[in-house]
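Structure at a glance
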Amino acid sequence: GEKVLDDPKLLRKTLKREETKKKKSAKMWEEKVNMQKETRDAKQTKRKDNIKARRDSVVNKRMERRDKKLLRPGFEGRKEGFINA
């Protein structure tokens, strides 16, 4: 039982096995990269939506506070004009 290290059949088989392994790992890597991109984009859109909602709520609170300040008892009101006009 001596080993033959240059058997063409075994060398071709080994090359083919290595090639399929490379293809499979490249495919898996591509899937991983795509999945990471999708999750990153989803997180970014969610973050953008949350920031926009927060900004809108802050602006609405400021507007409500401003409206409250402008409506003081004893005055005619804001945009209706004067009572005796």
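Higher on the page you've got the structure.
Residues numbered from 1 in each chain as written. Predicted model: local features only at pLDDT ≥ 70, side-chain atom pairs only at ≥ 80, totals over all residues. Heavy atoms only, no water.

Broken down by element type, the protein chain carries one helix and zero strands. Looking at the protein chain as a whole, 0% of its 85 residues qualify as buried. Accessible surface for the protein chain amounts to roughly 9,200 Å². Of this, 56% is attributable to carbon and sulfur atoms. (Helix = DSSP H or I, 4+ residues; strand = E, 2+ residues; numbered from the N terminus. Buried < 20%, exposed > 50% of the residue type's maximum accessible area, 1.4 Å probe, protein only. Areas by Shrake-Rupley, 256 points an atom, 1.4 Å probe, with all protein chains shown as cover.)

On the surface, a cluster of positive charge is made up of Lys9, Arg12, Lys13, Arg17 and Lys21. Mapped onto the fold, Lys13 is located in helix H1 (residues 8-70). Relative accessible area serves as the criterion here: at 54%, Lys13 is assigned to the exposed category. (Patch = residues over 30% accessible without salt bridge, like charges linked within 9 Å, V, L, I, M, F, W, Y side chains within 5 Å. Salt bridge = Lys/Arg side-chain N within 4 Å of Asp/Glu carboxyl O. Lys, Arg positive; Asp, Glu negative; His and termini not counted. Charge placed at Lys NZ, Arg CZ, Asp CG, Glu CD.)

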